[in-house]
Amino acid sequence: MMKQILFILIGFFFGIIMFKSEAASWFRIYEMFRFEAFHMYGIIGTALAFGILFVQIIKRYKIKSFDGNEIKIAPKDKSFSRYMYGGIIFGLGWALVGACPGPIFVLIGAGYLPIIIVFLSAALGTFLYGVVKDKLPH
Amino acid sequence: MDFLFQPWHWFVSGFLIALTMLILLLMGKRFGMSSNLRTFCAACGAGKASAFFRFDWKSDQWNLLVVFGAMLGGFVASHYLSAAEMPAISEATKASLSSIQVSVDNKYLPVELFSISALSDIKTIVILVIGGLSVGFGARYAGGCTSGHAISGLSNLQLPSLIAVIGFFIGGLVMVHLLFPLIF
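Computed from a predicted structure; not experimentally measured. (Residues numbered from 1 in each chain as written. Chains lettered and ligands numbered in written order. Predicted model: local features only at pLDDT ≥ 70, side-chain atom pairs only at ≥ 80, totals over all residues. Heavy atoms only, no water.)

## Some remarks on helix α5 (residues 101-110) of chain A
Counting buried positions along α5 of chain A gives ten out of ten residues, so the element sits mostly inside the fold. For α5 of chain A, the set of buried residues is P101, G102, P103, I104, F105, V106, L107, I108, G109 and A110 of chain A. Along its buried surface, α5 of chain A packs onto α1 (2-20), α4 (81-97) and α6 (114-132) of chain A together with α3 (35-43), α4 (61-80) and α7 (122-142) of chain B. Of the residues trailing α5 of chain A, G111 of chain A is marked for its positive phi of about 100°. (Buried < 20%, exposed > 50% of the residue type's maximum accessible area, 1.4 Å probe, protein only. Helix = DSSP H or I, 4+ residues; strand = E, 2+ residues; numbered from the N terminus. Contact = heavy atoms within 4.5 Å.)

## Details of the packing of aromatic side chains
All names here are of chain B. Inspection of every chain in the model, using the stated rule, returns 30 aromatic pairs over all chains. The residue whose ring lies beneath R38 is F52, and the NZ or CZ to ring-centre distance is 4.2 Å. Above the plane of the ring of F55 lies R38, whose end atom (NZ or CZ) is 4.1 Å from the centre. (Phe/Tyr/Trp six-rings, centres within 6.5 Å; stacked < 30°, edge-to-face > 60°. Lys NZ or Arg CZ within 6 Å of the ring centre and 35° of its normal.)

## As for helix α8 (residues 146-155) of chain B
With ten of ten residues buried, α8 of chain B lies mostly within the body of the structure. All buried positions along α8 of chain B are accounted for by T146, S147, G148, H149, A150, I151, S152, G153, L154 and S155 of chain B. Structurally, α8 of chain B contributes buried residues whose contacts are with α3 (39-60) and α4 of chain A together with α2 (10-26), α7 and α9 (159-183) of chain B. Looking one or two residues beyond α8 of chain B, the residue adopting positive phi is L157 of chain B, at roughly 55°.

## Topic: the packing of helix α2 (residues 26-33) of chain A against α4 of chain A
Residue and element names in this part refer to chain A. Remark: α2 packs on α4, axes separated minimally by 8 Å, with the N-to-C direction vectors making an angle of 125°. Judged on the interaxial angle alone, α4 and α2 are oblique. Residues W26, I29, M32 and F33 of α2 form the contact with α4, whose participating residues are W94, A95, L96 and V97. In the contact of α2 with α4, the residues fall into eight nonpolar, no polar and no charged. (Axes fitted to C-alpha atoms, helices over the stretch in contact; angles between N-to-C directions. Parallel < 35°, antiparallel > 145°, perpendicular 65-115°, else oblique. Nonpolar A, V, L, I, M, F, W, Y, C, P; charged D, E, K, R; others polar.)

## Some thoughts on the confidence of the model for chain B
Residues and elements named next belong to chain B. Looking at chain B, pLDDT values average 95 and 99% of them are 70 or higher. Mean pLDDT values for the elements of chain B range from 81 in helix α1 (residues 2-5) up to 98 in α7. Model confidence for the complex is summarised by a pTM of 0.96, with the ipTM given as 0.96. (pLDDT = per-residue confidence, 0-100.)

## Some details on the pattern of salt bridges
Taken as a whole, this structure holds six salt bridges over all chains when the rule is applied. Residues E31 of chain A and R28 of chain A are paired through a salt bridge, measuring 2.8 Å at the closest nitrogen-oxygen approach. Linking E31 of chain A with R28 of chain A, this pair stays in helix α2, spanning three residues, or about one helical turn. R28 of chain A shares its class with E31 of chain A; the two are buried. A salt bridge links K94 of chain B to E91 of chain B, with the nearest nitrogen and oxygen atoms 3.9 Å apart. (Salt bridge = Lys/Arg side-chain N within 4 Å of Asp/Glu carboxyl O.)

## Considerations on the UniProt feature "transmembrane region" (unreviewed entry) in chain B
All names here are of chain B. Sequence positions flagged by UniProt for "transmembrane region" (unreviewed entry) are, in local numbering, residues 6-28, 62-81, 122-142 and 162-183. Regarding residues 62-81, the helix share stands at 95% and the strand share at 0%, and the terminal C-alpha atoms are separated by 26 Å. Taken as a whole, residues 162-183 contains 100% helix and 0% strand, while its terminal C-alpha atoms sit 29 Å from one another. (UniProt positions renumbered as here; feature names shortened; annotations may be inferred.)

## Some thoughts on the packing of α5 of chain A against α4 of chain B
Put simply, α5 of chain A and α4 of chain B touch, their axes get as near as 7 Å, and they point 50° apart. With respect to α4 of chain B, the element α5 of chain A is oriented oblique. With respect to the hand of their crossing, α5 of chain A and α4 of chain B are arranged in right-handed fashion. From α5 of chain A, F105, V106, I108, G109 and A110 of chain A reach across to α4 of chain B, where they touch V67, A70, M71, G74, F75, S78 and H79 of chain B. The class makeup of the residues in the contact of α5 of chain A with α4 of chain B is eight nonpolar, four polar and no charged. (Left-handed = near helix turned anticlockwise from the far one by under 90°.)

## Here we look at the side chain of N63 of chain B
Residue and element names in this part refer to chain B. Along the chain, N63 turns up in helix α4. Among the polar contacts listed, one links the side chain of N63 to the backbone oxygen of G32, at a separation of 3.2 Å. There is a polar contact of 3.3 Å between the side chain of N63 and the side chain of N36. Contact partners of N63, with chain neighbours within four places excluded, come to G32, S35 and N36. (Polar contact = N/O pair within 3.5 Å; in protein donor to acceptor, adjacent residues only side chain to side chain.)

Here is the structure:
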């Protein structure tokens, strides 16, 4: 129960960060793809710099998770096509609706009802991938 | 307290995103938002149509709780921690908005796409559906989205994530620079 509340709290803070950083705003994504401001690059760059630092510290000092297990980040399968093709399809949608999966949930919570259409379509897109995945180059 | 109500600086935001990832790692989990879409499909019974959705989705319930929290966070941030104003985007970006029929006197999200009244135009609905479809399909095909690849994956210096992020940008640039003039 305690753990469940903790996960909700993590999501809660993440939601506030996404909204307040304006990373959940269509305008910031549009601006980012036009290279007209540093804002989004600053957010992603800072997150990445600290992210690399945290992961390196975890690896070097073999830091364990709270329940005492080793923290292992499973490497992704080696491939080019799935990451490139999938990435391009994702990028097209990300720029069009200005929201990636995290912000989709944040914006529904914020009360933007049209985003529910985006969410249901994204779930349908995920479903379609599951149906046709064996026919795609991976 | 005033700083809470201003839009947050990119440095603070970026640091807090990395912190979110760190806490999830310390809890034995991985930071990734789009997996929830797969879990959602599985919970809705998509396993009947594809083996891709036949997995122990109940073990991913923690991630649904994170998403539930994110929705609460979005509610609190938009209603109590801001006036949900239009971001202070650059003058150059503002100047370009008129070419795609978006007003510079706007809200946090452009009302031309994300207001209830905009839904009376079938074109808006088509845009939202196509955008959502490609986000969902592309994220699963690429094995992750912005959180899983651009933040988690690159933090772990994974080559697949770098390829995916380059793909995200190719797609985004094509959409904004080549397709927007045709769509709007």
